[in-house]
Amino acid sequence: MKIGYARVSTNEQDTALQIDALEKAGCERVYSEKRSGKRKERPQLGKLFDALRPGDIVVVWRLDRLGRSTKDLIELIETLEDKGVEFVSLTESIDTTTATGELVFGIFAAIAQFETNLISDRTKAGLESARKRGRVGGRKPKLTLKQAKLAQSMLLDSTVTKSDVAQHFDISRPTLDKALKGLDKPEQGSLL
């Protein structure tokens, strides 16, 4: 069964053009919604995915109606593929039921992976450059060194629990454990 999906971003826009094209392409059912493609929550797209059966074909008027980024499109179409469902985009003439369409989609997938790898490489290079200049990323520690030592000394009293200390400093137990991990073990009898 051919199933269409039409989407516009705002209430002022109309899906009629897309629906007409999808029906002309032979779609027996069309799911339509007015929602930004940036939003992950698209109820009609969810209903479409729930209705799919192996052998079905999902048809869109244009690729950008299905997803806003190459990465999103690749993920959605891979999900379709896992369900045994083919994909057709009318405007771009992509049809995964043909060898050529599958090749084109494979090229898109490779480009999306390349883009992801480039972003990762740039991020790593930026962090390394910042470290060389003495900047350390991440959040500022919740406890100062002095507070961490005080917490450590509080724990020398056997009646005080880690939960008590964490509550005193208004932090979680894992945050307390992390602060204590970097400290030297206190000598017995020493408060600091």
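See above for the structure.
What counts as what
Residues numbered from 1 in each chain as written. Predicted model: local features only at pLDDT ≥ 70, side-chain atom pairs only at ≥ 80, totals over all residues. Heavy atoms only, no water. Salt bridge = Lys/Arg side-chain N within 4 Å of Asp/Glu carboxyl O. Buried < 20%, exposed > 50% of the residue type's maximum accessible area, 1.4 Å probe, protein only. Helix = DSSP H or I, 4+ residues; strand = E, 2+ residues; numbered from the N terminus. Patch = residues over 30% accessible without salt bridge, like charges linked within 9 Å, V, L, I, M, F, W, Y side chains within 5 Å. Areas by Shrake-Rupley, 256 points an atom, 1.4 Å probe, with all protein chains shown as cover. Lys, Arg positive; Asp, Glu negative; His and termini not counted. Charge placed at Lys NZ, Arg CZ, Asp CG, Glu CD. 1 Å grid on protein atoms, 1.4 Å probe; cavity = no way out; pocket = protein on both sides within 12 Å on 5 of 7 lines; lining within 4 Å. Points joined across faces, edges and corners; volume = space filled by probe spheres on them. Nonpolar A, V, L, I, M, F, W, Y, C, P; charged D, E, K, R; others polar. Pairing = 2+ DSSP bridges. Right-handed = clockwise from strand over helix to strand, strands pointing away. Core = buried A, V, L, I, M, F, W, Y, C linked by side-chain atoms within 4.5 Å. Contact = heavy atoms within 4.5 Å.

A. Just the pattern of salt bridges, in detail. Inspection of the entire model under this criterion finds five salt bridges. Among the salt bridges present, the one from aspartate 64 reaches arginine 62, with a minimum N-O distance of 3.0 Å. Its relative accessible area of 26% is what places aspartate 64 among the partly exposed residues. Among the ionic pairs, aspartate 177 bridges to lysine 162, the shortest N-O distance being 2.9 Å. Of this pair, aspartate 177 sits in helix H8 (residues 173-181) while lysine 162 sits in helix H7 (residues 162-169), and the two are 15 residues apart along the sequence. Overall, the relative accessible area of 29% leaves aspartate 177 in the partly exposed class. A network of salt bridges, in which partner residues are shared, links Arg62, Asp64 and Arg65.

B. Broad picture of a negative patch on the surface. A contiguous patch of negative charge on the surface is contributed by Glu75, Glu78, Glu81, Asp82 and Glu102. Note on glutamate 102: relative accessible area 48%, which makes it partly exposed.

C. Structural view of the layout of surface pockets. Here the largest pocket defines a volume of roughly 380 Å³. Lining the largest pocket are Arg139, Lys140, Pro141, Lys142, Leu143, Thr144, Leu145, Ala148, Thr175, Lys178, Ala179 and Leu183. Elements with a minimum of two residues in the lining of the largest pocket: helix H6 (145-154) and H8. Ranked by residues supplied to the lining of the largest pocket, first place goes to H8 with three residues. Of the residues in the lining of the largest pocket, the class split is six nonpolar, two polar and four charged.

D. Region of interest: the environment of histidine 168. Along the chain, the position of histidine 168 falls in helix H7. Considering only alpha carbons, one finds histidine 168 and alanine 151, 17 residues apart in sequence, at a separation of 9.0 Å.

E. Spotlight on unusual backbone geometry. Not every positive phi belongs to a glycine, and serine 93 is a case in point at roughly 55 degrees. Mapped onto the fold, serine 93 is located in the loop between strand S4 (86-89) and strand S5 (94-95). Classification of serine 93 as exposed rests on a relative accessible area of 62%. One non-glycine residue, aspartate 170, lies in positive phi territory at about 60 degrees.

F. How the structure looks around the pairing of strand S2 (residues 29-34). Here six bridges tie strand S1 (residues 2-8) to S2, and the two strands are oriented parallel to one another. The residue bridging tyrosine 5 from the neighbouring strand is tyrosine 31, located in S2. Each parallel crossover has a hand, and the one from S1 via helix H1 (residues 16-24) to S2 is right-handed.

G. Looking closely at the nonpolar core. Counting residues in hydrophobic clusters, the biggest one holds 22 residues, and the most contacted among them are Leu48, Leu52, Leu66 and Phe87. Contributions of two or more residues to this core are made by S1, helix H2 (43-51), strand S3 (57-60), helix H3 (63-66), helix H4 (70-82) and helix H5 (99-132). Those residues in contact with leucine 48 that lie beyond four places of it in its chain are Ile3, Gly4, Tyr5, Tyr31 and Val58. Listed in part, the ten residues of the second largest apolar core include Leu143, Ala148, Phe169 and Leu180.

H. Summary view of a nonpolar patch on the surface. Taken together, Leu103, Ile107, Phe108 and Ile111 make up a surface patch of nonpolar side chains, about 360 Å² in accessible area. With respect to the helices and strands, leucine 103 occurs in helix H5. Residue leucine 103 is classed as exposed on the basis of its relative accessible area of 54%.

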